[in-house]
Structures are given as structure tokens and as C-alpha cells.
Amino acid sequence: MFNHSYLEEIFIKYGFEGFKWINPKEIIVAQWVRMKCIFGCPTKTACCPPNTPTVEICKSFLQEYDIGVIFHIPKIVTPEFRHEWSREVNLKLFELERETFIAGYEKAFAIFMDSCHICANCRKERFSCANPSKARPSPEAMAIDVVRTARQYGFPIDVLPDYSSVMNRYAFLLLE
Ligand code: SF4
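The following paragraphs examine the structure supplied in this document. (Residues numbered from 1 in each chain as written. Predicted model: local features only at pLDDT ≥ 70, side-chain atom pairs only at ≥ 80, totals over all residues. Heavy atoms only, no water.)

Moving on: helix α2 (residues 31–38). Regarding α2, the residues found buried are Val 33, Arg 34 and Cys 37. Seen along its axis, α2 keeps its buried residues to an arc of 100°; they face one direction. Its buried side turned inward, α2 meets α3 (55–63). Immediately beyond the C-terminal end of α2, within one or two residues, lies Gly 40, with a positive phi of roughly 120°. (Buried < 20%, exposed > 50% of the residue type's maximum accessible area, 1.4 Å probe, protein only. Helix = DSSP H or I, 4+ residues; strand = E, 2+ residues; numbered from the N terminus. Arc of directions from axis to C-beta. Contact = heavy atoms within 4.5 Å.)

Turning next to unusual backbone geometry. Residues Pro 49 and Pro 50 are joined by a peptide bond in cis, for which omega reads 10°. Note that Pro 50 resides in the loop between α2 and α3. With a phi close to 60°, His 117 is a non-glycine residue in the positive phi region. Relative to the assigned elements, His 117 resides in the loop between β3 (109–111) and α5 (146–152). Overall, the relative accessible area of 14% leaves His 117 in the buried class. Unlike most non-glycine residues, Lys 124 shows phi in positive territory, near 75°. Here Lys 124 is to be found in the loop between β3 and α5.

Shown next as C-alpha cells:
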């Protein structure tokens, strides 16, 4: 039995005040996202392609859940602090996932806000990951079209020309 108010207290405790309950089956997954990850993204962690499942498996994985949460995480951040911010938020998401798992939601799975960045120097290969119990993929690494998915729930998201504007990032929690 889902206890929404109990779970919402946990989200707020970890600082995630902007969120919406969603049906994970509505999360948009697309091949173009995977293509952008492989070609053009300079960040390659042990939680990025080719260390993540195929686009088809990512899509079918999301179909196995009936309840999820999208977290809106806005911030103005300078390039030199971006990875530090990602690390801080991603570790909170891991703790949040752990707390919901212990509360009896055995399928709890967090999708990080950004590439892992838990370690200062990522090992780059899944099988040599330094923190395999904590590392989780980003939405993009799961081929999630974050732009269309966030917009369909009424959240703001745009490509930003520089770092002077608010960056609207998103993370997910899948539950059951
Ligand atoms: S835990 Fe460390 S080694 Fe593993 S994916 Fe994250 S940054 Fe890379």
C-alpha cells in the first residue's frame, strides 16, 4: 500500500521540494538521446553508455513500474562547481532511494540528476566502478528524453546559452 504523505516527507527531508507523482510508463525514451550520449557528450562515466542497457531495455525497464516521481532541481551553477553540485544531489538521491527501499518499496530505483560524479576520477568501466552499490545512471544515460518528459508534466526546461540562467535539472525515483 502506497503511503504518499510518508514518502513526500522523505523527499522534502532530502531537499527535494519540487516534484510530481508520475506514471513511469509515460517517461519518454528515444534513440536520439542515446546517439547524443555516444557522440558529442564529453562526460564518460561507468554509468554512461556503453555501460548502460540498450534503449529497448531502458524502455521496457520503465514499463515495469506503475508509480514514480520526477524531481525538479533548479539552480544557477558555475562550470567549476557543476560536478560538485551533481555529486551532492546524486548522493542525496541515493540515500532517498535507500530509505524508500528500507521502508518496504523493494523496487525503489533512483535515476540521478546528472552523470554519477560520486568519485573525483571515475573508473569509466562498469566492472571497475569504485562505488557500484551507490552508482546510478542519469536520465540521459537511460535514453530518457528529459526535455519532452519534463514539459509534459508542466516543468520548465530549455537549452541555455550560458551559465548565467537557472539550470533546470531533473531526476527520477521509480517505486513499488
Ligand atoms: S561511483 Fe565512481 S567509478 Fe562508479 S560510476 Fe560513479 S564516479 Fe564512476
